Amino acid sequence: MRVTLSVAIVKMTKKLDVLSEMQYECFYFNKSIGHSVGRFNWDETLQSWILSSFYYGYTIFNIPGGMLADRIGGKYAVLLATFGSAAFTLLTPLSAYVNVYALMVLRLCEGIVESPFYTGGAVLLNQWSLQKERTIFLSVAFSGAYIGTVFGQPITGYLCSLHFLNGWPLAFYVFGTLGILWCIPWYIFITENPSDSLFLSIKEKNEYPNATLLNEKQSVVPWKEFLTCIPLLGLCVAQYGADMYFYLYINSLPTYLSNVFGISISDNGLLNGIPFFFLFLGSVTFSIATDYIRTRWFSARITRTTLIMGFATMSCVLGFFIQSVGCCPYAAIAMISTMLFLNGGYVYQVSPVIL
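Small disclaimer: the values here were computed from a predicted structure and weren't measured.

*Asks:* When you look at the overall build of the protein in this model, what are you seeing that I'm missing?
*Replies:* In terms of regular secondary structure, the protein is built from 18 helices and zero strands. Relative to its full complement of 355 residues, the protein shows a buried share of 46%. Long-range contacts, defined as pairs at least 24 residues apart, comprise 78% of the intrachain contacts of the protein with a sequence gap of at least 6. Here the protein displays about 18,400 Å² of accessible surface, and carbon together with sulfur accounts for 69% of that area.

If you want it as structure tokens, here you go:
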């Protein structure tokens, strides 16, 4: 839901008269770059503020969101984040019609309310995953976000191309409604730990001996130890780089495909989903490779810091050559897909949960 705007904003805004040198070249190559019939006169700087306003709220309240997840439990933290995000998604068209500042405030609030989502998910997954299968378990679970992008972006592009309700508001109404409906089975069927599940046998519940221990709340947060822990600080720096790399593409790729290559809104969503499918493949592939290598040759620390970090660094280096694709959008998608595949193992292999 939070990335629906990344594609929809292409249809919402009008293209500018001034094109860069590369855009002029691609105009003659693709014969398709023209003026959009979008409603809003938002230049690229204002669009960047609109898209980034979500992440200001999300980043600032990430630690409080984690503390909230510890207090109310992972189930209700995820439920709160999803329901709040869905509600704000439904209100996005209205806020855009009011003015751009209302839209930015709404996106900021959406980021705040969604901040406990991944931390709440981490609390749940810690209790529901066995140590021997935790790597693949976490990778498959969290890679659902990639699958959501793979299908969500093309669907958003298709909805924006329709004439009903002018297209782009329909995308927010559809995904907002689906998000609220998703909360119903989550509330009914998900339990905080395996011992409370109605779908596990006693034998299966006994396989999770640490569930009760993990569910205990720590009364005092050791802030001093956190702030002086060198591995943790190093992980924060690495995570910052990985997240910046990931969200750069998830927010900027639709606009890049539209402004540089003149891709239509429906094709834009389809092409935009391809790199994130390879990101999903990379996440699962590296998780399996990590477990395989770790159990046969190297320790977990050596495997994760050399194999995963090495390939992730290679993916960043490829980014310097993105302009070499010229005016071929398919070459650009192929290069970006390769980059995200190599980076796919980082976020959920070298992560706070696994370390």
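*Asks:* Can you walk me through the pattern of salt bridges in this structure?
*Replies:* Oppositely charged side chains can pair when the atoms bearing their charge come close. Applying the stated criterion to the full structure yields one salt bridge. Where Glu110 meets Arg107, a salt bridge forms, and the shortest distance between an N and an O atom there is 3.6 Å. Here the residue Glu110 and the residue Arg107 both occupy positions in helix 6 (residues 100–114), the gap between them amounting to three residues, near one helical turn. Considered together, Glu110 and Arg107 belong to a single accessibility category, that of buried residues.

*Asks:* Looking at this model, I keep getting lost on the packing of helix 1 (residues 4–12) against helix 3 (residues 44–60). Mind explaining?
*Replies:* Between two packed helices, the angle of one axis relative to the other and the distance separating the axes together describe the packing. At a minimum axis separation of 10 Å, helix 1 and helix 3 run at an interaxial angle of 155 degrees. Taken together, the axes of helix 1 and helix 3 lie roughly antiparallel to each other. Both helix 1 and helix 3 take part in a crossing whose hand is right-handed. In contact with Leu5, Ser6 and Ile9 of helix 1, helix 3 contributes Gln47, Ile50 and Leu51. Tallied by class, residues from the contact of helix 1 with helix 3 come to four nonpolar, two polar and no charged.

*Asks:* Even after reading the chapter, I still don't get the layout of surface pockets, so can you show me in this structure?
*Replies:* As a volume, the second largest pocket reaches approximately 1,300 Å³. Along its surface, the second largest pocket is lined by 39 residues, and Thr82, Phe117, Gly144, Ala145 and Trp182 are the ones closest to its centre. Every element with two or more residues in the lining of the second largest pocket is listed here: helix 5 (74–98), helix 7 (116–128), helix 8 (134–142), helix 9 (144–161), helix 10 (168–189) and helix 14 (230–261). The element best represented in the lining of the second largest pocket is helix 9, accounting for nine residues. Of the residues that constitute the lining of the second largest pocket, the class distribution is 24 nonpolar, 13 polar and two charged.

*Asks:* Looking at this structure, I do not really get the side chain of Asn272. What am I missing?
*Replies:* Structurally, Asn272 is set in helix 15 (residues 265–296). Among the residues examined, Asn272 registers a relative accessible area of 0% and is labelled buried.

*Asks:* In this structure, what is going on with the confidence of the model for the protein? I would like to understand it.
*Replies:* In regions of low pLDDT, the predicted coordinates are not meant to be interpreted in detail. For the protein, per-residue confidence averages 78 on the pLDDT scale, and residues scoring 70 or more make up 77% of the total. Per-element confidence in the protein is highest for helix 6, whose mean pLDDT is 94, and lowest for helix 12 (residues 211–215), whose mean pLDDT is 49. Per-residue pLDDT stays below 50 along residues 31–35; that stretch engages in 16 contacts with residues further than four places along the chain or on separate chains.

*Asks:* Looking at this structure, I do not really get the packing of aromatic side chains. What am I missing?
*Replies:* Any pair of aromatic rings gets described here by the distance separating the centres and the angle formed by the planes. Scanning the entire structure with this criterion turns up 16 aromatic pairs. With centroids separated by 4.9 Å and ring planes inclined at 50 degrees, the aromatic side chains of Tyr55 and Tyr247 adopt a geometry described as tilted. Remark: Tyr247 occurs in helix 14 and Tyr55 occurs in helix 3; sequence separation between them is 192 residues. Classification of Tyr247 as buried rests on a relative accessible area of 17%. Directly above the ring of Tyr187 sits Lys75, whose terminal nitrogen or CZ lies 5.0 Å from the centroid.

Cut-off values and rules
- Residues numbered from 1 in each chain as written.
- Predicted model: local features only at pLDDT ≥ 70, side-chain atom pairs only at ≥ 80, totals over all residues.
- Heavy atoms only, no water.
- Helix = DSSP H or I, 4+ residues; strand = E, 2+ residues; numbered from the N terminus.
- Buried < 20%, exposed > 50% of the residue type's maximum accessible area, 1.4 Å probe, protein only.
- Contact = heavy atoms within 4.5 Å.
- Areas by Shrake-Rupley, 256 points an atom, 1.4 Å probe, with all protein chains shown as cover.
- Salt bridge = Lys/Arg side-chain N within 4 Å of Asp/Glu carboxyl O.
- Axes fitted to C-alpha atoms, helices over the stretch in contact; angles between N-to-C directions.
- Parallel < 35°, antiparallel > 145°, perpendicular 65-115°, else oblique.
- Left-handed = near helix turned anticlockwise from the far one by under 90°.
- Nonpolar A, V, L, I, M, F, W, Y, C, P; charged D, E, K, R; others polar.
- 1 Å grid on protein atoms, 1.4 Å probe; cavity = no way out; pocket = protein on both sides within 12 Å on 5 of 7 lines; lining within 4 Å.
- Points joined across faces, edges and corners; volume = space filled by probe spheres on them.
- pLDDT = per-residue confidence, 0-100.
- Phe/Tyr/Trp six-rings, centres within 6.5 Å; stacked < 30°, edge-to-face > 60°.
- Lys NZ or Arg CZ within 6 Å of the ring centre and 35° of its normal.

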